[in-house]
Amino acid sequence: MAEVLSKTALVDKVAEASGVSKKDTKAVVDALLETVKGEVKKDAEIRLIGFGTFKKAQRAARKGRNPQTGEVIDIAASESLAFKSSVKY
C-alpha cells in the first residue's frame, strides 16, 4: 500500500528539501492551499505545468440509497475541487 503523507509530514519534507525553516514552509504551504481553494471557488482553473490542474467540478443531482434502511433519497447537486494530474507514472 502507498504511503500516506499528512500535511505535517509534507511540510517536514519540503522544509528539508528547500533548506527553509518548518515554520516558514508551513506558512507557504498553508498560503498555497488557501489560494488554490479561493481561486477555484471563484471559477479559476489553476494549471501547474508538469504537475496538474485544479478546477471546480460539478456534480448533478441524483438519487441515492440510505445504506441502513434502503430508502431512496435525493442527493442535491454540488460543487467540489477537482485535480487532474499531468504526471505520468
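Procedures and definitions
- Residues numbered from 1 in each chain as written.
- Predicted model: local features only at pLDDT ≥ 70, side-chain atom pairs only at ≥ 80, totals over all residues.
- Heavy atoms only, no water.
- UniProt positions renumbered as here; feature names shortened; annotations may be inferred.
- Helix = DSSP H or I, 4+ residues; strand = E, 2+ residues; numbered from the N terminus.
- Contact = heavy atoms within 4.5 Å.
- Salt bridge = Lys/Arg side-chain N within 4 Å of Asp/Glu carboxyl O.
- Buried < 20%, exposed > 50% of the residue type's maximum accessible area, 1.4 Å probe, protein only.

- Named according to an unreviewed UniProt entry, the protein chain is DNA-binding protein HU-beta originating from Selenomonas ruminantium.
- One UniProt comment on the protein chain, placed under Sequence similarities (unreviewed entry), says "Belongs to the bacterial histone-like protein family."

### Things to note about the environment of Leu 81
Inference 1: As for its placement among the helices and strands, Leu 81 is situated in strand 5 (residues 78-85).
Inference 2: Between the C-alpha atoms of Leu 81 and Lys 7, which are 74 residues apart in sequence, the distance is 18 Å.
Inference 3: For Leu 81, the residues in contact, after removing those within four places along its chain, are Val 36, Lys 37, Val 40, Phe 54 and Lys 55.

### Things to note about the pattern of salt bridges
Inference 1: The tally for this structure, following the rule as stated, stands at 9 salt bridges.
Inference 2: Notably, a salt bridge pairs Glu 79 with Lys 56, separated by 3.5 Å at the nearest N-O pair. In this pair, Glu 79 sits in strand 5 while Lys 56 sits in strand 2 (residues 52-59), placing the two residues 23 residues apart along the sequence.
Inference 3: The residue Asp 74 makes a salt bridge to Lys 63 at a minimum N-O spacing of 2.5 Å. You can see Asp 74 sitting in strand 4 (residues 72-75) and its partner Lys 63 sitting in strand 3 (residues 62-65), a full 11 residues away along the chain.
Inference 4: The exposure class assigned to Lys 63 is exposed, which follows from its relative accessible area of 59%.
Inference 5: Residues joined by salt bridges that share partners form a network here, namely Lys 7, Lys 26 and Asp 30.

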